[in-house]
Each structure stands twice: as structure tokens, then as C-alpha cells.
Amino acid sequence: MTGDWAVYGRAIHAPDRVEDLRETLMIVGSDGVIASVETGVSPRDPRLAALRDGDALIEIAGDEVLIPGLVDLHVHAPQFPQLGMALDMPLQDWLQHYTFPLESRYADLGFAEAVYTDLVDTLLAHGTTTALYFATIHLPATQRLAEICLGKGQRAFVGRVGMDHPEQCPDFYRDVSAEVAIAETRALIAHIRALPGNDAALVRPIITPRFVPACTDALLDGLGALAAETGCAVQTHCSESDWEHAHVQDRCGCSDTVALDRAGLLRRGSVLAHANFISDADAGLIRERGAAVAHCPLSNIYFAGAVFPLRRMQALGLHIGLGSDIAGGPSASLFEAARQAVAVSRLLESGTDARKPPAERGQPGARIDAPTAFRLATAGGGEALDLPIGLFRPGYAFDALLLRANLPDGNLRVAANEAADRLMEKIVMTAGRGDIAHVWVGGRLVKSR
Ligand SMILES: Nc1nc2[nH]cnc2c(=O)[nH]1
């Protein structure tokens, strides 16, 4: 559709509580931005007939509901081929024996092209309208990932991974020097910003030191300076596991958070993956800098050895969204991450050792409910990135999913006129790829069943 167009019907979203937008007329401008949102519009409203006549109206049927697109704050694009593999290993062994050998193969542009094309298609089909990608140390393959996202219409932040530390990175997969890593990151920023068709910055570069253990101080400092110079967002891992957290304490004499801050890497728009072991003081620093956490409940089950204290960190005022952490997390679906965020919060609250009395077993008040998880997967991601996405509001991008319930090959079962709270619970607890009929990013239809 060219020019303004509209959707009409039922939508739900979660600004801070569930908002049921019934009989909603949402006008979308030719720039893909929501121009207006009006609820309670009668089906007989003459504007609908006019839009219908102009072939500019999408009508949401009784079994359908519109929700904001999902924002995945943490994806390792090159790890897609090993989804579900070797998750019984400790993080450091998984990296050395599986992940680094796989990532080193992206020197082959043909291999990169095939995997990245499949991944971006798959994530869009799962409703991920925005993704933050770690790529590899290979500049051409990373540039190609950005081009694929742009071509397919996915909102994305794409980062060339920096990793130059000789003690943590193998000879076959390591930056030759901090200088080369910084120069190639600079080249990626220029390349993505100049991509034809990227004037609206649908795809953005992101500065990506892998994690403190993999980077020399020179690389961390250099990338921090580059972030200040270019205004780019930053992504990295932070205090993920016992091993990783202790390693940084040993090497730097401080937490990951403080080490990242000293290098200038903790800024508004910085996204710290995991952050399971951050202290309240770390949280205070993250909040002060306006940085965010990508909560990755699935991979934390396997690698962290602990549950991220989400409620506590929300109370401390952090921006928090969700990450699939492909392939530490073995699912491409952010609905799955949302479900697991609820599930692990329940385990944290109840505790897990049946031999302890209930009062000593867990952490009271740690649970989150389904609407909170929905919010993390949508508006929380937008907040973390400081982008107007994740809500149906004027001025926000029309990044949206049309869910169609009660399909024979779908999971979502919805009664006629289901109450909004119940509907949102069902979406978080059961929805998946098979329930997604259409996906829009910035007003462009990018996937249909
Ligand atoms: N989960 C996870 N943690 C990391 N820490 C450093 N690299 C990685 C990675 O690829 N995955």
C-alpha cells in the first residue's frame, strides 16, 4: 500500500499494564509510523468504508488479534547451525570446543550468506521484528548480515564481534590486534550507515566487544572511544556465569559492569546480555548510564548456574528486555523466552530443593506474570534500545504481528471475546510461529503465512 493506510479491529499491548484496544482504528503513515490510534470506532463508521473503497484497510477478524512485534535483544547469528547442541557443557568449554570453531567458518562468505538468510527468515516468521545480532570477527560476512536484514525488512542492530585476547581466544579465531578490530568496526559502521535504502536507519551498526575475558584492555578502551565518537549502541555479555564473573574480578579487580564503564562502554543504548551476577551497586551504575539488560532465561538455565533476579532489578529501575541468546538458548521464538522468563521466576520464588521447608526454599516476591513477560518482549525491548517500538501509539513504528487463533496447526486457542488479561496469558504461554499470520516492520509486510 502506498500513502496512509489503516488497520481496524482488536489489538493488545502492554505499556505498563495490559491495554485492550477494541474496535481500534490505527492509521499508518507512508513512512511506516503510526499516525493515530482510536478505540471504540463503530464498524459502521464511514471512514472504514472510505478506507475499504481505497483498498487501504486491513480488517482484523474475530479470531485474530494484533500485537506489537517482538524485540530480541540478544542473538548470535553465526551460532544458528548449532541450535540445541552441546548445552550440557560449561560455557567456557562450549565456547572453545563448539562455538569458536563454528564461528571461524564465517570467513566463507557463501556459508555466511546461506546461514544468515535462513536465520533472518526464521526469526521474522517467529515474529521477531527487531533483533540485536552478534556476528563474527569477519567484516565481509557481517556486512552481508546487515544487507540481508535490510533486504528482508527486519529492524536490526548488527555487530562485528571484537575478540583479541590471546589467552581466551584460540589462534584460529581471534582478532590479529586491537587496532584491526577497531578499524574493522569503524568500517562496518560506515558501511551500514551508507547502505542504499537504509535512510531511515532500519539497520544500525552496534559496537560489539564479545565479553571482557575475550578482549584486551586496549580493545575495550578503543571500542569505548569509538562508541563516544560515533554515537553507536553497544552490546556485550556481562556477569553471565560464575566462571565469567570470577574471571573478570580476578583480571580487572572489579565487576564486568565497572570494567565496561571504565572503558566507556556503558551508555544509553548499551545492552548487557545476561547480567545474572550483577550486584545492586552494578545495577545502580547501569541505571545511571541508561544502559539495559537482555534477560536470556533459556540460556541461563544451561550456562549461568543461577536465575537473573528480574523483579529485584526492575525495582532498581533497570531497562530490561528479552533475548533468545541463540544458540545458548535453543529456540528462535521470543514467545518461548517469555514463557521461560515466567517459569524461571517461579522457580526463583519457590526455590527448588524439596528437602528445605517452603519458607527457606526460595525468594518471596520473585515471580513475574505473563503480562510482564509480554512487556519485556515488546515495549521493554524498545525502551532498552531507546526506540519508538513495542507499543501501539502515535509516533511509534508500525512493527506488528497479526495472530490468528484456533488454527488446526497453531497452538493458540482463544474463546470468542476472550478477556484481555486471559488473552495475553494465553499468548505468552502458548503462542508460536504457527499462530502468526502476518508480520509488519515499519509498516512493510515482511512475512505472511
Ligand atoms: N551465552 C554466551 N555467552 C558468551 N560469552 C561470550 N561469548 C558467548 C556466547 O557466544 N554465548
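What you are looking at is a predicted structure, and each value in this text was computed from that prediction instead of being measured.

*Asks:* So what exactly am I meant to see when it comes to the overall build of the protein chain here?
*Replies:* In terms of regular secondary structure, the protein chain is built from 15 helices and 17 strands. C-alpha extents for the protein chain along the principal axes are approximately 70 × 60 × 40 Å. Residue burial in the protein chain is summarised as follows: out of 449 residues, 54% are buried. Partitioning the contacts of the protein chain with sequence separation of at least 6, the portion at a separation of at least 24 is 72%.

*Asks:* Just to check I follow, could you spell out the packing of helix α3 (residues 109-125) against helix α4 (residues 139-152) for this structure?
*Replies:* Between two packed helices, both the angle of their axes relative to each other and the distance between the axes serve to describe the pair. Relative orientation of the contacting elements α3 and α4 amounts to 35°, with a least axis distance of 9 Å. The two elements α3 and α4 meet at a crossing, and its hand is right-handed. Listed contacts from α4 to L109, A112, E113, Y116, T117, V120, D121 and L124 of α3 are P140, A141, R144, L145, I148, C149 and K152. Its residues assigned to classes, the contact of α3 with α4 shows 10 nonpolar, 1 polar and 4 charged.

*Asks:* So what exactly am I meant to see when it comes to unusual backbone geometry here?
*Replies:* The phi torsion of most residues other than glycine is negative, and most of the peptide bonds are trans. Cis rather than trans, the peptide bond between I326 and A327 has omega equal to 10°. Tracing the backbone shows A327 in the loop between β14 (319-322) and α12 (334-350). Unlike most non-glycine residues, E23 shows phi in positive territory, near 45°. You can see E23 is positioned in strand β2 (residues 19-28). In this structure E23 comes out as partly exposed when scored by C-beta crowding, with 15 C-beta atoms within 10 Å.

*Asks:* How do you make sense of the environment of V161 when you look at a structure like this?
*Replies:* With respect to the helices and strands, the residue V161 is situated in strand β9 (residues 161-162). Expressed as a C-alpha distance, the spacing of V161 and T236, which sit 75 residues apart in the sequence, is 9.2 Å. Apart from residues lying up to four places away in sequence, V161 is in contact with F134, A135, T136, I137, T208 and R210.

*Asks:* Help me understand helix α15 (residues 420-430), please; the structure alone is not making it clear to me.
*Replies:* Given 3.6 residues per turn, any residue in an α-helix points the same way as the ones three and four places further on. When α15 is considered as a whole, its buried residues turn out to be L423, M424, K426, I427 and V428. As for α15, its buried residues are in contact with β1 (5-13), β5 (64-68), α12, α14 (370-385) and β15 (400-404).

*Asks:* Would you take a moment to explain the pairing of strand β12 (residues 270-274) for this structure?
*Replies:* On a regular strand, one side chain projects to one face of the sheet and the next to the other, so that they alternate. Among the 5 residues of β12, 5 are classified as buried, and the element is accordingly described as predominantly covered. Strand direction decides the pairing type here: strand β11 (residues 233-238) and β12, joined by 5 bridges, are parallel. By the bridge assignment for β12, T236 is matched with L272. Pairing analysis gives 3 bridges linking β12 to strand β13 (residues 292-295), with the strands arranged parallel. What sits directly across from L272, in β13, is V293. In terms of handedness, the path from β12 via helix α9 (residues 280-289) over to β13 forms a crossover that is right-handed.

*Asks:* Which parts of the structure should I look at to understand the nonpolar core?
*Replies:* As a rule of thumb, nonpolar side chains are buried together in soluble globular proteins. The biggest cluster of nonpolar side chains holds 144 residues, and the ones touching the most others in it are Y133, V158 and A338. Lining this core are residues from two domains, each supplying at least three of them: domain 1 (5-68 + 390-448) and domain 2 (70-385). Core analysis: the second largest hydrophobic core is formed by 5 residues, L91, L95, F303 and A304 among them.

*Asks:* I would appreciate a short explanation of the UniProt feature "domain: Amidohydrolase-related" (unreviewed entry) in the protein chain in the present structure.
*Replies:* Taking the numbering used here, the UniProt-annotated feature "domain: Amidohydrolase-related" (unreviewed entry) corresponds to residues 65-446. A helix fraction of 43% and a strand fraction of 17% characterise residues 65-446, whose end C-alpha atoms lie 18 Å from each other.

*Asks:* How should the site of the ligand be read in this particular structure?
*Replies:* Near the ligand the following residues occur: H76, L91, L95, T99, R210, F211, H237, E240, S299, F303, D325 and G328. For the shell around the ligand, the secondary-structure elements that each account for two or more residues are α2 (91-104) and α10 (297-303). Its residues assigned to classes, the shell around the ligand comprises 4 nonpolar, 5 polar and 3 charged.

*Asks:* Got a minute to help me understand the domain arrangement of the protein chain in this structure?
*Replies:* Reports of interface size often rely on the accessible area that becomes lost once the parts have come together. According to the domain assignment, the protein chain contains domain 1 (5-68 + 390-448) and domain 2 (70-385). Taken over C-alpha atoms, the centre of domain 1 sits 29 Å from the centre of domain 2. Counting residues at the interface gives 25 residues for domain 1, matched by 27 residues for domain 2. Counting residues per element, the ones that place at least two in the side of domain 1 that touches domain 2 are α15, β16 (436-441) and β17 (444-448). In terms of residue count, α15 provides more of the side of domain 1 that touches domain 2 than any other element does, 5 residues in total. The residue inventory of the side of domain 1 that touches domain 2, partitioned by class, reads 15 nonpolar, 4 polar and 6 charged.

*Asks:* What is the right way to read the confidence of the model for the protein chain from this model?
*Replies:* Caution applies to low-pLDDT parts of the model: their predicted coordinates are not meant to be read in detail. In the predicted model, the protein chain carries a mean pLDDT of 97, and 100% of its residues have values of at least 70. The complex model carries a pTM of 0.98, and its ipTM stands at 0.99.

*Asks:* Would you take a moment to explain α2 for this structure?
*Replies:* The largest bend along α2 measures about 35° and falls at Y98, with the proline P101 one to four residues further on. Of the positions making up α2, those classed as buried are L91, W94, L95, T99 and E103. Looking at the buried positions of α2, the neighbouring elements they touch are α7 (242-252) and α10.

*Asks:* I would appreciate a short explanation of the environment of H319 in the present structure.
*Replies:* Among the structural elements, H319 can be located in strand β14. For H319, a count of 24 C-beta atoms within 10 Å corresponds to the buried category. Sequence-wise, H319 and G380 are 61 residues apart; in three dimensions their C-alpha atoms are separated by 6.8 Å. With near-sequence residues (within four places) excluded, H319 lies in contact with A292, E383 and A384.

Reading the values: rules and limits
Residues numbered from 1 in each chain as written. Predicted model: local features only at pLDDT ≥ 70, side-chain atom pairs only at ≥ 80, totals over all residues. Helix = DSSP H or I, 4+ residues; strand = E, 2+ residues; numbered from the N terminus. Buried ≥ 20, exposed ≤ 12 C-beta atoms within 10 Å, placed from the backbone. Contact = placed C-beta atoms within 7 Å. Axes fitted to C-alpha atoms, helices over the stretch in contact; angles between N-to-C directions. Left-handed = near helix turned anticlockwise from the far one by under 90°. Nonpolar A, V, L, I, M, F, W, Y, C, P; charged D, E, K, R; others polar. Pairing = 2+ DSSP bridges. Right-handed = clockwise from strand over helix to strand, strands pointing away. Core = buried A, V, L, I, M, F, W, Y, C linked by C-beta atoms within 7 Å. Domains from an automatic or database assignment. UniProt positions renumbered as here; feature names shortened; annotations may be inferred. Near = placed C-beta within 6 Å. pLDDT = per-residue confidence, 0-100. Bend = angle between axes of the 7 residues up to and from the residue.

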